[in-house]
Amino acid sequence: MGLDASLTFRVRGASIDRSALHITLEDGEISFTTSIDGHVTGAFFEGEGEVLLTPPDQVERASMTLFTGMAILEERFATAYLRFNDQTFSDLRPNLRPADDAKDFASRWDETARNLADSDALRLLATFSHSLPTRGVGGELRKSNGMDDPGSDRMVHARFQGLKLGTFDVGFDSMAAEQIWAGQLQTRQGATYYNLWASFPLNTQRSSSGQPQGLEQASDDLKISEYKIRVDVKPPTSLNADAQLKISVRRGGARTVLFELSRFLHVHQVQVDGHAVEFINNTAIDGTQLARRGNDLVAVVFPQDLQAGQTILMQFTYGGDVLSDAGGGLLYVGAKGTWYPNRGLQMANFDLEFHYPPNWTLVATGKKSNPTSVIENRTSGQASGELVTRWLTERASTLSGFNLGKYERAGTRAADVDVTVYASKGVERTFPHGSEEITVVPDTRLGRPRPGSILRTEQTPSPARNAQMVADRAAQSLDYFSKRFGPYPYSSLDLTQMPGEISQGWPGLVFLTSFSFLTPSQETDLHLNPTQEIFNRLVLPHEVAHQWWGDLVGWHSYRDQWIVEALANYSALMMLETQSPQDFRKVMERYRSDLLQKNKEGEPLFSAGPVTLGQRLNSSHFPNGYEAVSYGRGTWLFHMLRYMLLDAESKESRGQRRQAEEPFVRILRRLRERYAGKEVTTAELLGLFAEDLPSSLRYEGRKSLDWFFESWMQGVSLPHFSLKNVKYVPRQGGVSITGSIVQTDAPESLVTAVPVYGFVEGKPVFLGTVFADGPETPFHLNATLGTRRVVLDVNQTLLTSPK
Ligand SMILES: [Zn+2]
């Protein structure tokens, strides 16, 4: 897609406006891309211009400030590459005049334009492959700007060479859930990050948690209800598969549909209702919104536009190398969530059939439907056996996966559930031995190395020998969680040893790092420091807790993913607290100190952003932002909610019959009951907490936790609280206590329910909760006679910064 010399002009005073995004081409030269089928879809501009983008809320303005130093993007640029699917070309026409050096200009920038064209190719294919004209495209059907019309399909993507900010992108896409965005590709210490400066929907009245985006949004249009996948696994590297997808079309109109699939898998054929259709495998799309999800896509072009209400049966035939031999009888199964074509996380039923050689053990999500059968193959006179197992989901799940290795097994039962551990006699080649340095990950789905641990081992551990210990620990977690959060959702729990430092908890199947198979003495042999040992032992209960939070109850969009991570983590910590309050405290303090750590630029880690930014928190400024905030701050937020409710209930129910269970656990069970098989948003979660909110937690009298959401979930700060002018005035058999709470290190708008204690005969007594808002909050509390020395937050239930 090159530039057309005959479409090259002088341009002056032209503008492209899309809601909060304004691009002005003040004065310069512009060359448009070759017209194809009557559509001009791109341009290269050189000259003087300005881009202006105003984020609608504090969270997005703070994010913009972190990356650009300004809350509002206002940048002059020297060049702009534009791509669009609408009438932008005809809109610009009145501002175009003939150019003197059209040929030179077009040829000078042609190669650049060609290089940049790829990144929007798939998106434009989706627009122009329609068999019927679509509203909003090319101005054919509607002249009015139908930007927020749900049926419109309009996009603009611009890549600028800014005078101060360097190369960056801005975009508008009516088909995305968050239609406006800006960001920049950055490298830091050899790693590449896409820093998303801002992303928000057109409608600024958005729900508090935002909406899904990209493929997640599109996935609402198509519902994959059933998968039937037959897989031939050929250790140590390859698999071949045949996947049937039953799809119902909820919203019609699309003709080109994107599926996620690992880039290492190659599609041989795609059929729709028995007929082969066109597809594009693994298209490069750097620098687009979709690029943030990786380059693992298959675009399928249907014979016609899809119609709402239609049911289609698709079949993908594909294969490739997604396995690798990790040593020690372990395979590394790459492409965890993308070994079958999918449309993001959607609840579906899976029917998986695996064929694999004998002497391997294969474990998958779902319930094994019959015993492993052996098929005798006789190919060219040679006998070779093949094992076949079939696994069916017991309830709709968002994920499906498998693991295989040279496993031995151990098992037990807990809460009427079979717990089976599959472990190899050895560990992976990369497991530390001699005196190597390695970092252990405390978790999980997308865990990141936790810096600073040095591991050495003299002897190689044997996980198979410790499998029973792991089974017993898993059973203990399962028992603890099912008593509190309701029955375990599946009929069995399998845990398989996985090479590497990351673990994952999938429905009924936990992929567990070899590090979780260490006995306490082996942990000591590895020279894990005591805090590392605690983190290492939290991994297993964290993954088991994901069976409730993450697998049974899903999350809505990237802005809500923190819920399941933090909740799985806090669930594991609640169990730890019953065993060792000191260890619990150590972990919480570690999270606090991690958040206060500063990067080379002196920016504290907590300023990476609020929990609701999800994986956007990982950026070139804070490569570990997601872990520190989602897990660390997120865990603290649940701790705060838990003790806020507990304090309030214990105060208000004084003298009355106490509930058998603490409010936090009651609410989590409510979460499970209401959201089993569904996705929860951050706002909905807080709605559950607010349902029977004690009156002392009703800020400004409202039965709502909006104040907690705004201050703590959308906020980043670790405030500091202190007391001022405390006076004790005896009156009628008691003491009247007045004073002020002074708040520092926080924005003025921050609201916090601060628990206030007084000491009676040397023991702390809870006096009440004071809503600290603003720099100084006066309070008045009544206490029993003999109360002296008022102290804030005795039990350290608030995520504050120490002075
Ligand atoms: Zn996790």
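Novice: I keep staring at the overall build of the protein and nothing clicks. Help me out?
Specialist: On a plain count of helices and strands, the protein comes out with 14 helices and 38 strands. Expressed as a percentage of the 803 residues in the protein, the buried residues total 59%. Once local pairs closer than 6 in sequence are excluded, the contacts in the protein between residues at least 24 apart make up 70%. Counting only carbon and sulfur atoms, one obtains 49% of the accessible surface of the protein, whose full area is about 31900 Å².

Novice: What am I meant to see in the sheet that holds strand β36 (residues 763-773) here?
Specialist: In a beta sheet, neighbouring strands are held together by backbone hydrogen bonds and run either parallel or antiparallel to one another. Spatial strand order, β36-β35-β38: three strands in an open sheet with antiparallel pairing. Each of the sheet's edge strands pairs with one partner strand only, and the pair in question is β36 and β38 (787-792). With direction set aside, neighbouring strand axes in the sheet form an average angle of 25°. When strand β35 (residues 751-760) meets β38, the two strands line up antiparallel, connected through five bridges. Bridging from a neighbouring strand, F759 pairs with R788 of β38. Strands β35 and β36 of the sheet are contacted by helix α11 (residues 625-652), whose axis makes an angle of about 115° with β36.

Novice: Sorry, what's going on with the side chain of S462 here?
Specialist: For S462, the position within the fold is in the loop between β27 (417-424) and α6 (467-485). Classification of S462 as buried rests on a relative accessible area of 9%. In this view, S462 contacts S424, K425 and Q522; residues no more than four positions away in its chain are not counted.

Novice: Explain the packing of aromatic side chains to me, please; I cannot follow it from the model alone.
Specialist: For any pair of aromatic rings, the description rests on two quantities: the centre-to-centre distance and the angle between the ring planes. Summed over the entire model, instances satisfying the criterion amount to 38 aromatic pairs. Pairing F664 with F689 gives two aromatic rings, centres 5.9 Å apart and planes at 40°, and the pair type is tilted. With F664 in helix α12 (residues 663-675) and F689 in helix α13 (residues 682-690), this pair connects stretches of sequence that are 25 residues apart. For the pair formed by F664 and F689, the shared burial category is buried. One aromatic cluster is present, formed by Y480, F481, F485, Y488, Y490, W548 and W549 through successive ring pairs. The aromatic ring of F259 is capped on one face by R343, whose charged end is 5.9 Å from the ring centroid.

What counts, and where the lines are drawn
- Residues numbered from 1 in each chain as written.
- Predicted model: local features only at pLDDT ≥ 70, side-chain atom pairs only at ≥ 80, totals over all residues.
- Heavy atoms only, no water.
- Helix = DSSP H or I, 4+ residues; strand = E, 2+ residues; numbered from the N terminus.
- Buried < 20%, exposed > 50% of the residue type's maximum accessible area, 1.4 Å probe, protein only.
- Contact = heavy atoms within 4.5 Å.
- Areas by Shrake-Rupley, 256 points an atom, 1.4 Å probe, with all protein chains shown as cover.
- Pairing = 2+ DSSP bridges.
- Axes fitted to C-alpha atoms, helices over the stretch in contact; angles between N-to-C directions.
- Phe/Tyr/Trp six-rings, centres within 6.5 Å; stacked < 30°, edge-to-face > 60°.
- Lys NZ or Arg CZ within 6 Å of the ring centre and 35° of its normal.

The quantities given are spatial measurements derived from coordinates; they are silent on function.
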